[in-house]
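Residue strings, one per chain:
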Amino acid sequence: AYSGDFYGEIEIGAAHSFGSVTIGAKIKMLQGIARSRLELDRLSVTTGSDRWTFEGEGFINSAVNGLNLGAAADLGITARVNDHLTISAAVQDLGGIAWSAASYYRLPGGQWEYSGLEEEIEIMDSEGTDGLGSKMESAFNGLRSKLEFVRDGENGKEYKALPMSFNAAFKYTLPSWEKISLGAVAAHRGNGMTDVRAIADVAALRWWETSASIGMSTNGLSGGILTVIKLGPVRAHLGGELLGRRYGKFSGLFVPIDKVRMMADLGLQIAFR
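Remember, it's a predicted structure, so these values are computed and weren't measured experimentally.

A look at the overall build of the protein
1) Next: Along its length, the protein carries two helices and 18 strands.
2) Next: Within the protein, the proportion of its 273 residues that are buried is 25%.
3) Next: Residue pairs at least 24 apart in sequence account for 55% of intrachain contacts in the protein once pairs closer than 6 positions are excluded.
4) Next: Surface accessibility of the protein: about 18000 Å² in total, with carbon and sulfur atoms responsible for 60%.

Here you go:
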């Protein structure tokens with residue numbers, strides 16, 4: 001199964017300090033770009049010397065048209081304990097998107113079977129091979145008809161909440177070198193996933209910063225890297241994360257041996273003061 005929501009957002013935020021404590025809020029206007037869900041209920045493929053069979057059922061929901069408007073908010077608080085230690089907490093993505101009607105596609109279902117291999121091998125061995133191409137084309141057209149999703153109506157409009165998250169973190173800047181910070185983040189998302197990870201942050205230059213993290217979540221061991229570039233009011237970031245349930249040791253390295261999910265995040269922010 002696969003599901004994905006793609007949307008753009010425009011943010012307006014404000015923060016105010018009360019001594020060592022800062023409280024901030026951010027309002028986000030959302031525009032849904034595309035939403036899709038793929039699910040294969042059954043998929044079976046068998047190949048052999050005298051017979052090939054295929055059987056499958058599944059569907060796709062896809063919403064790419066319409067306004068797909070939405071809104072969300074972020075709320076956060078940060079407290080500076082001393083010159084090196086900062087703690088914070090936040091609620092993110094409190095809101096959702098009203099998606100337009102989604103088109104519904106399904107696999108026709110049923111079984112495709114091809115058992116003409118022996119006959120066609122005999123044709124290849126003989127002089128008359130003109131019928132081989134047409135026979136195979138006819139056979140595999142049957143397979144293609146089983147693999148093509150056909151439209152079967154649409155689902156109505158639907159409001160879908162964003163996966164809201166609750167975060168708590170601390171950050172400690174090394175006294176010996178303030179360009180390096182260590183910390184930890186604990187997050188619980190509305191989709192049921194809990195994530196706890198350690199983070200190392202390196203701010204080697206005023207306009208460039210990189211963070212690396214490793215942790216454990218409900219879905220398994222995860223690790224990621226994030227690079228941030230800050231040029232005046234413009235802030236761009238690019239990050240990636242690899243998440244897997246089970247890992248095994250191979251030639252001294254830990255490699256995933258089960259389902260692995262890779263996520264990428266690209267963003268651009270412009271601050272108006």
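Looking at the pairing of strand β14 (residues 220–231)
1) Next: Bridging between strand β13 (residues 208–217) and β14 involves ten bridges; their strand directions are antiparallel. The residue bridging Gly-215 from the neighbouring strand is Ser-222, located in β14.
2) Next: As consecutive antiparallel partners, β13 and β14 are separated by two residues.

Concerning the nonpolar core
1) Next: Among the nonpolar cores identified, the biggest contains seven residues, and these are Leu-30, Ala-63, Ala-72, Ile-97, Trp-99, Ala-102 and Leu-162.
2) Next: Residues within four places of Leu-30 in sequence aside, it is in contact with Tyr-7, Gly-8, Glu-9, Asn-68, Leu-69, Gly-70, Ala-71, Ala-72, Gly-96, Ile-97 and Leu-162.

Here's the deal with the environment of Pro-233
1) Next: Within the secondary structure, Pro-233 is located in the loop between β14 and β15 (234–244).
2) Next: In this structure Pro-233 comes out as partly exposed when scored by relative accessible area, which is 48%.
3) Next: Linking Pro-233 and Gln-269, residues 36 residues apart in sequence, is a C-alpha distance of 7.9 Å.
4) Next: Pro-233 has contacts with Gln-269, Ile-270 and Ala-271, leaving out every residue within four places of it along the chain.

Rules of the game
Residues numbered from 1 in each chain as written. Predicted model: local features only at pLDDT ≥ 70, side-chain atom pairs only at ≥ 80, totals over all residues. Heavy atoms only, no water. Helix = DSSP H or I, 4+ residues; strand = E, 2+ residues; numbered from the N terminus. Buried < 20%, exposed > 50% of the residue type's maximum accessible area, 1.4 Å probe, protein only. Contact = heavy atoms within 4.5 Å. Areas by Shrake-Rupley, 256 points an atom, 1.4 Å probe, with all protein chains shown as cover. Pairing = 2+ DSSP bridges. Core = buried A, V, L, I, M, F, W, Y, C linked by side-chain atoms within 4.5 Å.

Coordinates in, geometry out; function isn't part of it.
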